[in-house]
Amino acid sequence: MPPPRTTPQRAKALRHRLAELRGPDVPAKALDARALAALAANPGCSRRALLDGAGVDKTRLASALGAPSAFGQSQFALTRGNAFEARVKADGGAELLRLVREKLDPGAEPPERTYVPDLSAQGPEGRTARTALALREAVEAGGWTLLDHPMLALDVAGSPAFLEPDAVVVHPDGRWTVVEIKSFPMLDGSADPAKVGAAARQAAVYVLALEEVAARLDPAPEVRQRVLLVCPKDFSNLPAASAVDVRKQRAVTARQLARLTRVEEIAARLPEDVCFSPELPQERLLAAVEAVPATYAPECLSACELAFHCRERSRTEGAVTSLGRAVRAELGGLTTVEDVLAAARGERGDADDPAVAALRRAAVLRAEALADAAHARAGDPREAACR
């Protein structure tokens, strides 16, 4: 069941509260699809949900905490990616539309004429409204339409997230396709599976946002569940494309986003003086961050700017989450390493608990293995000679 819609009064109060959390005169950092996909991958983390919903710059926050993040694209990669995207969209997107037709809609008429609407407007809300209008007009007009960097909105934990896909194509039959343009190479028709998977998760977020726009039209246009991934061909600057089915990623992302605790609920549980401005003293920032519970896992290291800080705190507390989600799931109610070791020694825990029973059995097997190894060394003449 979708969350209840926020009234204008509550929305205004929430925006004011989130601005207070960011700090005075601190601009909000936009939540992009990459960050949104990472947030959906860890829906139990209230800390990330609140910081992203409030538009806090987690890179600056991590540096102010003394645990700077160590991931992100280099300036060279950004420049190369922008140059490749400009080439793909050159001449009114003629090559891009040719690839869309070839890979996704070969039965459609060739894109001899292309309409590229002007999507400029004031602010993200204005651009979102202009994009929705352009999509509706494209469906009514028929033919091929290319929307270059449209703006979409998606409700995330009760707060709107404005998303900007590389492109959206409207087909002559009125269907919509998301286009993802990446700078990693496609060698012999295939690319790095890990990078393709990340691109698919990002595109799935755009598909969800597009579906919300389509649902407001009558009849609702179909949003294709196969997106077009465009990459450089064999390390050249020539584009190659592949159709990627994102139905699974879309379903997972939708389910995880629905599980997110609403931002206003998290903010309501915080003291009034909590603020995440990077200009504050480190001690106050640390107290503010620790006031919001986190759910750390090793996967956060490749997805969240605060991962190093959260990992250090998790290790200090002896939390089993630092060992990975799979281990955490197997251990049931044992939440710290100390609890696990005590259960293995028979000092704590219910013997009927499967996790406790497995730990005690493992401890017995380990003790037997160590004893056998010690006896073997004692009876080995080579060991005696060494002594």
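The text that follows walks through the structure, step by step, so that each part is easy to find. (Residues numbered from 1 in each chain as written. Predicted model: local features only at pLDDT ≥ 70, side-chain atom pairs only at ≥ 80, totals over all residues. Heavy atoms only, no water.)

1. Brief notes about the nonpolar core
For clarity, the cut-off: For our purposes a nonpolar core is just a set of buried Ala, Val, Leu, Ile, Met, Phe, Trp, Tyr and Cys residues, chained together by side-chain atoms within 4.5 Å. Each residue is placed in one exposure class: buried if its accessible area under a 1.4 Å probe, protein chains only, is under 20% of its type's maximum, exposed if it is over 50%, and partly exposed if it falls in between. Working definition: helices are DSSP H or I runs of at least four residues, strands are E runs of at least two. Numbering for both runs from the N terminus. In this analysis, two residues are considered to be in contact whenever any of their non-hydrogen atoms come within 4.5 Å of each other.
The biggest cluster of nonpolar side chains holds 74 residues, and the ones touching the most others in it are L36, L50, L154, W176 and F276. Among the elements that line this core, the one with the most residues is helix 8 (residues 193-215), at 12 residues. Once you skip the residues sitting within four places of it in the chain, L36 turns out to touch L31, L154, V156, L163, V205 and L257. Formed by 17 residues, the second largest nonpolar core is a distinct cluster that contains W144, L146, A167 and V169.

2. A closer look at the pairing of strand 5 (residues 167-170)
Condition: In short, DSSP must find at least two bridges between two strands for them to pair.
Neither face of strand 5 is left uncovered, since the one carrying A167 and V169 and the one carrying V168 and V170 both have all their residues buried. Looking at chain direction, strand 2 (residues 144-148) and strand 5 are connected through four bridges and run antiparallel. The partner of T145 across the bridge, within strand 5, is V170. Sheet analysis places strand 5 next to strand 6 (residues 176-181), joined by four bridges and oriented antiparallel. When the sheet's bridge partners are listed, V169 is paired in strand 6 with T177. Linking strand 5 back to strand 6 in an antiparallel pair, the connection comprises five residues, with G174 at a positive phi of about 95°.

3. Quick look at the packing of helix 2 (residues 33-40) against helix 3 (residues 46-54)
The condition is simple: The axes used here are C-alpha line fits, helices contributing only the stretch in contact, and every angle between their N-to-C directions lies in the interval 0 to 180 degrees. Roughly parallel refers to an angle under 35 degrees, roughly antiparallel to one over 145, roughly perpendicular to one between 65 and 115, and oblique to any angle outside these ranges. Crossings are classed by handedness, with left-handed meaning an anticlockwise turn of the near helix from the far one by less than a right angle and right-handed meaning a clockwise turn. Three categories are distinguished: nonpolar for Ala, Val, Leu, Ile, Met, Phe, Trp, Tyr, Cys and Pro, charged for Asp, Glu, Lys and Arg, and polar for the others, with Gly belonging to the last.
Here helix 2 crosses helix 3 at 155°, and the two axes come no closer than 10 Å. Taken together, helix 2 and helix 3 sit at an angle that is classed as roughly antiparallel. Crossing angle aside, the handedness with which helix 2 passes helix 3 is left-handed. Counting all contacts with helix 2, which are made through A35, A38 and L39, the residues of helix 3 involved are R48, A49 and D52. Residues of the contact of helix 2 with helix 3, tallied by class, amount to four nonpolar, no polar and two charged.

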